[in-house]
Amino acid sequence: MKKLLMILPIISCLSGCGNNTPVADTVVFGTIYTAEQENNGLAEAFAVKDGKFIFVGSKADAQKYIKEGKTTVINNDQGLTIPGATEGHGHFIGIDAIIKKLPCLNSSYADVKKELARQMSLETKPKFFMSWGLIYANYSNGLDGWDKTVCYADELDEIAPNIPVVCFDNTGHQALCNKFALKKAGLIDDDGVIHSVRGGNVIQTTASTPKYSGWVSDEVAPYVVEKCIDLNELGEDFFIDAVKSAVSTLNERGFTNYLEAYINYLSKDGFYNAINKVDLANQLNVNVQSFDTIRSFEDTKYQARVQEIKTLANTYKSEHFDPNNVKLFADGVTESLTGWLLEPYSKGGNYYGNQIWSQEELNNLVYESNKEDMNVHTHTFGDAACRAVIDAYVSSEQKLNKHYSNTLAHVRNIKPEDVAKAAQYKIGIAENLIWHSTSYEFDAMLRQAVEANMIPEDIAFKGYPMKSLIDAGVLVSSSTDAPCAESTIGNIQNIIEVATSGLSPNIPGSSYNPTELLTVREILECLTINGAKQMGIDDKCGSIKVGKNADFVTMDTNFLNYSKLDELRTIHNVKINQVYFEGNAVFSSK
């Protein structure tokens, strides 16, 4: 009798579960894009248990994983379900924190001065002032739109003479500083004499007697921040709140994997500590990978700097946070005439842009990083920068006889032979797919620059070759290069619409380079499995496959087969219903 009693519960379980079939926590039905090669990347259903996909296949076969009262069933028959998306190069955590603390996003110079004056009128005055996205004043004064005869540094000093003021422009690669900040950073002395720093410029006015304008470019901008501003003064709660806010926004927009490319000179200790603590509290509902930037103006030897990054990474690394990576800047931004080109900017000229590192230095930096099992992510805009970095990656892998997940970011202009080399050596590219829609003002600015012989036409208008890269076999992921506060571009629906139609639902403009537009499936692949491969986590994320983490997004409309322009222009209206991370719902629209 005792034997019979022992067997009865087992028989009962087998009957309820269906011949040893486990009871799923969640089962989803509908059109499912898996991002896998099998069955043309499609499935009718999947089952989830303990945070993992345990079944992917037909609707009929999924029924056996359901037990009433135990399984949450999501019927998404009219919609589309995809794997959790990956941001291949963003600034959500770092920049977003600054924007929320000092709200001056995409503001005019007049607005920035007004906000600065308001803060300086407070009883408790700020210790510093930072802003992001300082927009061009107009487009009549050349490429940057600023009056080159004006010393803006002195104007800002009249409002705030005793605190550093640093206002980044739209690109994030130029900043407007007051005189106090320039002096504190050692870029000018008491007599106004300019002292140069490697990797960028202290831009002078074009007045009859040139002097500092307040503008600094490329590597000089972060140099000023490092010398003048300590965000740690804002306290630990500031950083933790910033991380939690960014994670919530990422989940709301369909992201479960995220590459943060802009932390270190904004106080890496503060942010690293916060990300680690949020993860240890089981609130980091994204896989975060960050990069510590080695700057050209640093005096530390490569080996010592790499070891410093590794030590910091070992201190703060956690289950969902991997800071064990290196970022480099190979050049500036082409629109600011600092992207490093193979041909001169002006016909008959001899200016090729800003080459931040020599080829030998790039080779050594990548080699030392890879040797310590750290991947390298490099900012590259111009075709010369792309070539130099690809050569450095190949050189390192050949020396170490090992493949690394080294990547390029942006890749505005690149030669076909370098595309082929990137494909051959499996070098990933985080491409700015969202930039394939350009505002009318920005388009006019580029055309004016071409007409003024400031930039070659093909360089100006044949950039971001995402379709050509994919067709050549390059691993391409999607990148917004933007903070969370940029609500007009950040969600996956807008990214998909711009990458397929070339037009933004939020910003009036035109398609930047229509020959390079993607299909819906191509952009979905960039957003999911390719991004996970770039981060080196595709063994557990990036696709809907048995054994992988159950990260997925359900949407209310099935746009998988959209191809007509009028169809593609509606994707921004698609609603995200749910976002799951490791089997747990982290966002719901209901």
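Residues numbered from 1 in each chain as written. Predicted model: local features only at pLDDT ≥ 70, side-chain atom pairs only at ≥ 80, totals over all residues. Heavy atoms only, no water.

Draft legend 1. Spatial organisation of the overall build of the protein. Secondary structure assignment for the protein yields 19 helices and 24 strands. Expected size for 590 residues packed as a compact globule is a radius of gyration near 25 Å; at 25 Å, the protein falls within 12% of this value. Expressed along its principal axes, the backbone C-alpha trace of the protein runs to roughly 105 × 50 × 50 Å. Long-range contacts, defined here as pairs at least 24 residues apart, represent 73% of the contacts in the protein between residues at least 6 apart. In the form shown here, the protein has an accessible surface area of approximately 23700 Å², with 48% of it arising from carbon and sulfur atoms. (Helix = DSSP H or I, 4+ residues; strand = E, 2+ residues; numbered from the N terminus. Rg over C-alpha atoms; globule rule 2.2 N^0.38 Å. Contact = heavy atoms within 4.5 Å. Areas by Shrake-Rupley, 256 points an atom, 1.4 Å probe, with all protein chains shown as cover.)

Draft legend 2. Geometry of the sheet that holds strand 14 (residues 321-322). The strand order across the open sheet formed by 4 strands is 5-11-12-14, and the pairing between neighbours is parallel. Of all strands in the sheet, those with a lone pairing partner are strand 5 (85-90) and strand 14, marking the two edges. (Pairing = 2+ DSSP bridges.)

Draft legend 3. Broad picture of the environment of V28. By the secondary structure assignment, V28 is in strand 1 (residues 26-33). For the pair V28 and T81, spaced 53 residues apart in the sequence, the C-alpha separation amounts to 8.6 Å. Excluding its chain neighbours within four sequence positions, the residues that come into contact with V28 are E44, A45, F46, I74, T81 and F552.

Draft legend 4. The pairing of strand 22 (residues 552-555), seen in detail. Residues F552 and T554 line one face of strand 22 and the alternating positions V553 and M555 line the opposite face, and both faces are buried. Strand direction decides the pairing type here: strand 4 (residues 72-83) and strand 22, joined by 4 bridges, are antiparallel. By the bridge assignment for strand 22, T81 is matched with T554. (Buried < 20%, exposed > 50% of the residue type's maximum accessible area, 1.4 Å probe, protein only.)

Draft legend 5. Broad picture of the pairing of strand 15 (residues 325-329). Here strand 15 lies mainly inside the structure; 5 of its 5 residues are buried. Side chains N325, K327 and F329 of strand 15 all project onto a buried face; the interleaved residues V326 and L328 project onto the opposite face, where all are buried too. Of the pairings in the sheet, the one linking strand 13 (residues 292-293) to strand 15 comprises 2 bridges and is parallel in character. By the bridge assignment for strand 15, T293 is matched with K327. Here strand 15 pairs with strand 16 (residues 375-380) via 5 bridges, running parallel. Note that in strand 16 the partner of F329 across the bridge is H379. On the question of chirality, the crossover connecting strand 15 to the parallel strand 16 by way of helix 11 (residues 359-371) is right-handed. (Right-handed = clockwise from strand over helix to strand, strands pointing away.)

Draft legend 6. Geometry of the confidence of the model for the protein. Across the protein, the average pLDDT comes to 89, with 90% of residues at or above 70. The low-confidence segment residues 1-17, where pLDDT is below 50, has 5 contacts with residues more than four positions distant or belonging to other chains. Counting contacts from residues 137-143, a segment whose pLDDT is below 50, to residues more than four positions away or on other chains yields 18 contacts. (pLDDT = per-residue confidence, 0-100.)

Draft legend 7. Up close: the nonpolar core. In terms of nonpolar packing, the biggest core is built from 113 residues, with L187, V216 and V224 touching the most fellow members. What V224 contacts, discounting residues up to four positions off in sequence, is V166, C177, A181, A185, L187, V216 and I229. Core analysis: the second largest hydrophobic core is formed by 15 residues, Y109, F129, A160 and V165 among them. (Core = buried A, V, L, I, M, F, W, Y, C linked by side-chain atoms within 4.5 Å.)

Draft legend 8. Up close: the packing of aromatic side chains. Under the definition given, this model contains 17 aromatic pairs. Note on Y109 and Y152: the rings are 5.1 Å apart at their centroids and 85° apart in plane angle, and the pair reads as edge-to-face. In this pair, Y109 is assigned in helix 4 (residues 109-120) and Y152 in helix 5 (residues 152-159), connecting sequence segments 43 residues apart. Residue Y109 shares its accessibility class with Y152, and that shared class is buried. What links up through ring pairs into an aromatic cluster is the set F46, F53, F552 and Y580. The ring of Y367 has K399 sitting right over it, with the charged end atom 5.1 Å from the ring centre. Residue placement shows R447 over the ring face of F461; its charged tip is 4.4 Å from the ring centre. (Phe/Tyr/Trp six-rings, centres within 6.5 Å; stacked < 30°, edge-to-face > 60°. Lys NZ or Arg CZ within 6 Å of the ring centre and 35° of its normal.)

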